[in-house]
Amino acid sequence: MTLLSAGVSAGFSLAGLIGPGRNDSFAQYAASRSVALLLTVLIAIGIRSRMAIAFLGIAMTLVQAFDGIIGALAHDPSKTYGPFAFAVLNGLTVGWLLREQTNEPGDR
């Protein structure tokens, strides 16, 4: 779920760089951070670190929740409900992952 959330975030931020947004420094900063989060999630999955994935999942839950707030303030339902749904699903997934972590001592 964290990978999907980071991938969607990176995809939308990179899509924002196509067209008139390509010279917008805020869009460039957003894209660089989103791509960095995606790459970090891929590394955490590659090294199979549950704790790193959990922390990144928390970060992505917050990113999606803030995106939902921005969408709500813009009165745009498509930019509100999608991010909030990702935030809830990601939060539930992180909760499940952390619950599993406590049941398996000795895991990273």
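Scroll up for the structure.
Just so it is clear, the model here is predicted, and its values are computed rather than measured.

Procedures and definitions
- Residues numbered from 1 in each chain as written.
- Predicted model: local features only at pLDDT ≥ 70, side-chain atom pairs only at ≥ 80, totals over all residues.
- Heavy atoms only, no water.
- Helix = DSSP H or I, 4+ residues; strand = E, 2+ residues; numbered from the N terminus.
- Core = buried A, V, L, I, M, F, W, Y, C linked by side-chain atoms within 4.5 Å.
- Buried < 20%, exposed > 50% of the residue type's maximum accessible area, 1.4 Å probe, protein only.
- Contact = heavy atoms within 4.5 Å.
- Expected span 1.5 Å × (residues − 1).
- Arc of directions from axis to C-beta.
- Salt bridge = Lys/Arg side-chain N within 4 Å of Asp/Glu carboxyl O.
- Axes fitted to C-alpha atoms, helices over the stretch in contact; angles between N-to-C directions.
- Parallel < 35°, antiparallel > 145°, perpendicular 65-115°, else oblique.
- Left-handed = near helix turned anticlockwise from the far one by under 90°.

A word on the environment of Ala-15
- Position of Ala-15 relative to the elements: it lies in helix α1 (residues 2-15).
- Taking C-alpha positions, Ala-15 is 9.5 Å from Ala-27, a pair spaced twelve residues apart along the chain.

Re the nonpolar core
- Counting residues in hydrophobic clusters, the biggest one holds five residues: Ala-6, Val-41, Ala-44, Leu-56 and Met-60.
- Contacts of Val-41, omitting those with residues within four sequence positions, involve Thr-2, Leu-3, Ala-6 and Leu-56.

What about helix α2 (residues 25-46)?
- Look at α2: 31 Å from first C-alpha to last across 22 residues, which is about the 32 Å you get at 1.5 Å a residue.
- Taken together, the buried positions of α2 are Ala-27, Ala-31, Ser-34, Val-41 and Ala-44. Down the axis of α2, the sector holding all buried residues measures 155°, keeping them to one side. Those residues of α2 that are exposed and angled more than 90 degrees off the buried face are Tyr-29, Arg-33, Ile-43 and Gly-46.

Some remarks on the pattern of salt bridges
- Per the counting criterion, the structure on display carries one salt bridge.
- Put simply, Lys-79 and Asp-76 hold a salt bridge, and the shortest N to O gap is 4.0 Å.
- Owing to a relative accessible area of 53%, Lys-79 belongs among the exposed residues under this scheme.

Describing the side chain of Ser-9
- Following the sequence through the fold, Ser-9 ends up in helix α1.
- Judged by relative accessible area, Ser-9 falls into the buried class, the value being 13%.
- The residues contacting Ser-9, other than those within four sequence positions of it, are Ser-34, Met-60, Val-63 and Gln-64.

Considering unusual backbone geometry
- In this model, Arg-48 sits at a positive phi of 60°, which is unusual for a non-glycine residue.
- Given a relative accessible area of 65%, Arg-48 falls into the exposed group.
- One non-glycine residue, His-75, lies in the positive phi region at around 55°.
- The topology assignment puts His-75 in the loop between α3 (50-73) and α4 (81-103).

Overview of the packing of α2 against α3
- At a minimum axis distance of 9 Å, the contact between α2 and α3 shows a crossing angle of 155°. One way to sum up the angle between α2 and α3 is to call them roughly antiparallel. When you trace α2 past α3, the crossing you get is left-handed. In contact with Leu-37, Thr-40, Val-41, Ala-44 and Ile-45 of α2, α3 contributes Ala-52, Ile-53, Leu-56, Met-60 and Val-63.

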